Amino acid sequence: TMLRTVSHLGRVRALGFSRARAASAIPVYSPRDGKVFTEIPDATVADVEAAVEAAASVQASGWSKADAVDQRAESLLGIAAALTERKDELAELESQDCGKPVSETAGDIQMCIDVFEYMAELAPKMLKPSPIALPDGDFRSSIVPAAA
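Let us look at the structure shown here. (Residues numbered from 1 in each chain as written. Predicted model: local features only at pLDDT ≥ 70, side-chain atom pairs only at ≥ 80, totals over all residues. Heavy atoms only, no water.)

In terms of helices and strands, the chain carries five helices and four strands. Starting at the N terminus, the α and β elements of the chain follow one another as α-β-β-α-α-α-α-β-β. Of all 148 residues assigned to the chain, the portion counted as buried reaches 21%. In the chain, once contacts between residues fewer than 6 apart in sequence are set aside, the share between residues at least 24 apart is 49%. Total accessible area computed for the chain in this model is approximately 9,900 Å², and 59% of it derives from carbon and sulfur atoms. (Helix = DSSP H or I, 4+ residues; strand = E, 2+ residues; numbered from the N terminus. Buried < 20%, exposed > 50% of the residue type's maximum accessible area, 1.4 Å probe, protein only. Contact = heavy atoms within 4.5 Å. Areas by Shrake-Rupley, 256 points an atom, 1.4 Å probe, with all protein chains shown as cover.)

Below, the structure written as structure tokens:
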């Protein structure tokens, strides 16, 4: 699936989080025709707790540290690539979900791809510490962005 192509999301699954295992499902109706086009699991408290625990584990890992900005940028590019690979399928699903024409939802999906790619390019430039030129050659300092 798309999630498995993204390394940090794969780590969330490896930490024990997976799709909700609910016994019941919630139907999703398309505004285009009023028909059910899919169902989503009716998540339990245990499902939510597992998701929060998995997310907290990833946040506590090295992936979330300030010096891992390149790794996070690669994850964003992985998401963009996965969206690109499934763009037509996702545009059709979004059309069913919100009732917009596929031509519009394809543009919406492309905008998401563009945002992930843009942020992947921007993040390393904005979040890595950068040296400050000072007149006293014996004193060195850097700008360190706030915790990412």
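It is worth spelling out the environment of L127 at this point. In this fold, L127 is placed in helix α5 (residues 102-127). Separated by 59 residues in the primary sequence, L127 and A68 place their C-alpha atoms 9.7 Å from one another.

Turning to the packing of helix α3 (residues 69-85) against α5, a few remarks are in order. α5 packs onto α3 with a crossing angle of 170 degrees between their chain directions and a minimal axis gap of 9 Å. The angle between the axes of α3 and α5 places the two elements in the roughly antiparallel class. As α3 runs across α5, the sense of the crossing is left-handed. Between α3, through V69, D70, R72, A73, L76, L77, I79, A80, L83 and T84, and α5, the contact on the second element is made entirely by I109, C112, I113, F116, E117, M119, A120, A123, P124 and L127. Partitioning the contact of α3 with α5 into residue classes produces 16 nonpolar, one polar and three charged. (Axes fitted to C-alpha atoms, helices over the stretch in contact; angles between N-to-C directions. Parallel < 35°, antiparallel > 145°, perpendicular 65-115°, else oblique. Left-handed = near helix turned anticlockwise from the far one by under 90°. Nonpolar A, V, L, I, M, F, W, Y, C, P; charged D, E, K, R; others polar.)

Glancing now at the packing of helix α4 (residues 87-98) against α5. At a closest axis distance of 8 Å, the pairing of α4 and α5 adopts a crossing angle of 120 degrees. Looking at the two axes, α4 sits oblique to α5. Between α4 and α5 the crossing geometry is right-handed. Note on element contacts: α5 touches α4 through V102, T105, A106, I109, Q110 and I113, opposite K87, L90, A91, E92, E94, S95 and C98. The residue inventory of the contact of α4 with α5, partitioned by class, reads seven nonpolar, three polar and three charged.

The next point concerns the pairing of strand β1 (residues 25-29). Pairing of β1 with strand β2 (residues 36-41), which is carried by five bridges, proceeds in the antiparallel orientation. Residue pairing for β2: V28 is matched across the bridge by T38. Counting the residues between successive antiparallel strands, the hairpin from β1 to β2 contains six residues, one of them, G34, with a positive phi of roughly 75 degrees. (Pairing = 2+ DSSP bridges.)

Now for the pattern of salt bridges. Tallied over the entire structure, the rule returns four salt bridges. Between K125 and E121 there is a salt bridge, and its shortest N-O distance comes to 3.3 Å. Residue K125 and its partner E121 are both found in helix α5; the two are separated by four residues, about one turn of the helix. Residues K125 and E121 agree in their burial class; the two are exposed. (Salt bridge = Lys/Arg side-chain N within 4 Å of Asp/Glu carboxyl O.)

It is worth stressing that arrangement in space is one thing and function is another; only the former is reported here.
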